[in-house]
Amino acid sequence: MPRNNQALVIGASGGIGSAVIRHLLDEQQFHSVLGISRATVAPPELAQQPGLRWLHCDGSAAAIKAAGEQIAPQVPQLSHVVICSGILHDAEHGPEKSLEQLDADWMQTVLQANAITPLLWLQAIAGKLARKQDCRIAVLSARVGSITDNQLGGWYSYRASKAALNMLLKTAAVELARRAPGSKLIAFHPGTTDTPLSQPFQARVPTDKLFSADFVAQRLLSTMDQARADGTLAYLDWDNKPIDW
């Protein structure tokens, strides 16, 4: 049981975000969880959870800043922060398979959602962390953000956005080592998870490599609880194994 049993989950209505909240409240018996989402109300399976508070945020820079000010009094009590918002495709766009498929507007959308927005959330939280606060902050990244691991090519926007996220988090970890040395940043690769984000790409995924959101949430929270504050960013997969940059 963490010393401060309060948590914040951003992207709370998504598959992984919802599962993280369920595990926090059901299994780890956290005192309270604040869920932040573009959805105005909690999903039905979460709505009746005692201890859950819900905050709507449309994800714009102004709204994130306002939300940060609203939650400021709770931040020094947080032991777990999970940022799991992001995008891979929409109705008109998917991962690019060739240079000819690149679209500048879509690339900007993906970079905004997967790299810039998580850092805006971290910005909203970091300055309010207590110096000695024992806090674990996990952000959903992806193995395809590894430059070393890229042997197949393709997926330009998504790869670039996750690589950018990793660099931004690594830079933030250097700063937090001075400002809030009790905190620990984790870039977490969940594997292929059975959520709408991965739905169009599951056909070729072996059954034993397609994970449920509940499984991923359990692994993520276990990884967070094992992590120790050391002033660096950890880039880890669902099995708590390090990923090459």
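Refer to the structure presented above.
This one's a predicted model, so the numbers in the text were calculated from it and none came from an experiment.

Visitor: Any chance you could explain a nonpolar patch on the surface here in plain terms?
Guide: A surface patch of nonpolar side chains, amounting to about 260 Å² of accessible area, comprises Leu 99, Leu 102 and Tyr 156. Structurally, Leu 102 can be placed in the loop between strand 4 (78–83) and helix 4 (104–126). Leu 102 sits in the partly exposed class, given a relative accessible area of 34%.

Visitor: Looking at this structure, how should I read the nonpolar core?
Guide: Ranked by size, the top nonpolar core spans 36 residues in total, and within it Leu 8, Ile 36, Val 81, Trp 121, Leu 129, Leu 169 and Leu 185 carry the most contacts. With 7 residues, helix 4 is the single largest residue contributor to this core. When sequence neighbours within four positions are dropped, the list of residues in contact with Trp 121 reads Ile 10, Ile 36, Cys 57, Ile 64, Ala 67 and Ile 83. Counting residues in hydrophobic clusters, the runner-up holds 31 residues, among them Val 20, Leu 52, Ala 234 and Trp 238.

Visitor: Hey, could you run me through the environment of Glu 92 in this one?
Guide: Residue placement: Glu 92 occurs in the loop between strand 4 and helix 4. Residue classification places Glu 92 among the exposed positions, given a relative accessible area of 63%. With 129 residues separating them along the chain, Glu 92 and Leu 221 place their C-alpha atoms 34 Å apart.

Visitor: Before we go on, may I ask you to explain helix 5 (residues 156–179) in this structure?
Guide: Given 3.6 residues to a turn, an α-helix orients residues that are three or four positions apart in the same direction. For helix 5, which comprises 24 residues, the first-to-last C-alpha distance of 34 Å matches the rise-based estimate of 34 Å (1.5 Å per residue) to within 8%. Among all positions of helix 5, only Ser 157, Tyr 158, Arg 159, Ser 161, Lys 162, Leu 165, Asn 166, Leu 169, Ala 172, Ala 173 and Leu 176 are buried. Where the residues of helix 5 are buried, they touch helix 4, strand 5 (135–140), strand 6 (183–189) and strand 9 (233–237).

Basis of the calculations
- In this numbering scheme, every chain counts its residues from 1 along its sequence in written order.
- Only residues with pLDDT of at least 70 are given local features in this predicted model, and only at 80 or more are side-chain atom pairs given and counted; all residues enter the totals for whole chains, interfaces and linings.
- Side-chain figures throughout are based on the complete set of non-hydrogen atoms in the structure, without hydrogens or water.
- A residue counts toward a patch only above 30% relative accessible area and without a salt bridge, and it is joined to like-charged neighbours within 9 Å or, for Val, Leu, Ile, Met, Phe, Trp and Tyr, to nonpolar neighbours within 5 Å.
- Each accessible area is a Shrake-Rupley result for a 1.4 Å probe, and residues are judged covered by the shown protein chains and nothing else.
- A carboxyl oxygen of Asp or Glu within 4 Å of a side-chain nitrogen of Lys or Arg is what we treat as a salt bridge.
- Starting at the N terminus, helices and strands are each numbered in turn, a helix being any DSSP run of H or I of at least four residues and a strand any DSSP run of E of at least two.
- Relative accessibility thresholds used throughout: buried, under 20% of the residue-type maximum; exposed, over 50%; partly exposed, between the two (1.4 Å probe, protein chains only).
- What makes a nonpolar core is a set of buried Ala, Val, Leu, Ile, Met, Phe, Trp, Tyr and Cys residues whose side-chain atoms join them at distances within 4.5 Å.
- Working rule for contacts: check all heavy atoms of both residues, and any pair within 4.5 Å makes them a contact.
- The span you would expect from a helix comes to 1.5 Å times its residue count less one.

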